[in-house]
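Now for the letters of each chain:
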Amino acid sequence: MNASTPDNALDVANLSVRFGRVKVLDGLSFEALRGSSLAIIGPNGAGKTVLFQALIGAIAHEGSVRWAPRTRIGYVPQKLDIERDLPVTGNDFLRAKMAVTGASAGDVSRALDLVGLAARVATMPIGTLSGGQFHRMLVAAALVGEPTVLLLDEPTAGVDEPGQETMNETVERLRREKGLTVLLISHDLSVVYRYASNVLCLSRGTACFGVPKTILTPAMLEQLYGTPVGYHIHDDRRA
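What you see is a predicted model; the values in this text were computed from it and never measured.

Notes on the overall build of the protein chain
- Of regular secondary structure, the protein chain possesses nine helices and nine strands.
- In summary, the protein chain has a C-alpha radius of gyration of 18 Å against a globular reference of 18 Å for 239 residues, a match within 12%.
- Its C-alpha atoms put the protein chain at 50 × 40 × 35 Å along the principal axes.
- A burial count over the protein chain gives 46% of its 239 residues as buried.
- The contacts of the protein chain with a sequence gap of at least 6 include a subset with a gap of at least 24, amounting to 70%.
- Computed over 24 positive and 24 negative side-chain charges, the separation of the two mean positions in the protein chain equals 4 Å.

Some thoughts on the nonpolar core
- Ranked by size, the top nonpolar core spans 30 residues in total, and within it Leu94, Leu112, Met137, Val139, Leu143 and Leu152 carry the most contacts.
- When residues of this core are traced back to their parent elements, those giving at least two are α2 (90–101), α3 (105–114), α4 (119–122), α5 (131–143), β6 (149–153), α6 (161–178) and β7 (181–185).
- With eight residues, the top contributor of residues to this core is α5.
- Not counting the four nearest positions on each side in its chain, Leu152 is found in contact with Phe52, Val76, Val171, Val182, Leu183, Leu184 and Ile185.
- Among the nonpolar cores identified, the runner-up in size contains 26 residues, and Val17, Val65, Leu151 and Leu202 belong to it.

About the thresholds
- Residues numbered from 1 in each chain as written.
- Predicted model: local features only at pLDDT ≥ 70, side-chain atom pairs only at ≥ 80, totals over all residues.
- Heavy atoms only, no water.
- Helix = DSSP H or I, 4+ residues; strand = E, 2+ residues; numbered from the N terminus.
- Rg over C-alpha atoms; globule rule 2.2 N^0.38 Å.
- Buried < 20%, exposed > 50% of the residue type's maximum accessible area, 1.4 Å probe, protein only.
- Contact = heavy atoms within 4.5 Å.
- Lys, Arg positive; Asp, Glu negative; His and termini not counted.
- Charge placed at Lys NZ, Arg CZ, Asp CG, Glu CD.
- Core = buried A, V, L, I, M, F, W, Y, C linked by side-chain atoms within 4.5 Å.

Take a look at the structure:
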């Protein structure tokens, strides 16, 4: 990957992705500053997950994706293509990531500590974990190898409300404390407004990019989703 500009973790220019004759992303350009949080929003089918797949090089694309030198990416997919009733523990999952990245057992322990999971939870079969525990396990796996960038595809999907709040606060704490750059796909506009430095909106082949106060307006959201959209603005939004 080519280098980005000095203050940016990521520069994307004229990115397009097509499947056959269908163009899912068309001429998309945006940037992500180092240590910032970029939220990607938009209706279902807008190409949000496809964008992540293009950014990590999992699918073919046109245009330019430029990561900063020595970028290490941790990716948390929206869905994991394994059956949760398999006799696989969290430790099995984490050891597999350790083998891929060349990390140590100490790195795995630190990753569990960072997401607030007790070591005993990692010994349990993944099918017995709660939704919140399972998603935190996925984030812990993404942290193995000490990434500089986290890509999170709806990390709170299927998690109860208290678990969602814990997950959101954990990710924000990691961003602040570890200086991580976070790219987050989310349908929760309250979370986007509260935590995101910038917002990238995708909708029906069009896109817009800016700070939450500019993007998350009633008129802009109605244009984006094709229907009026409401959300609650938290008064204690993080800087």
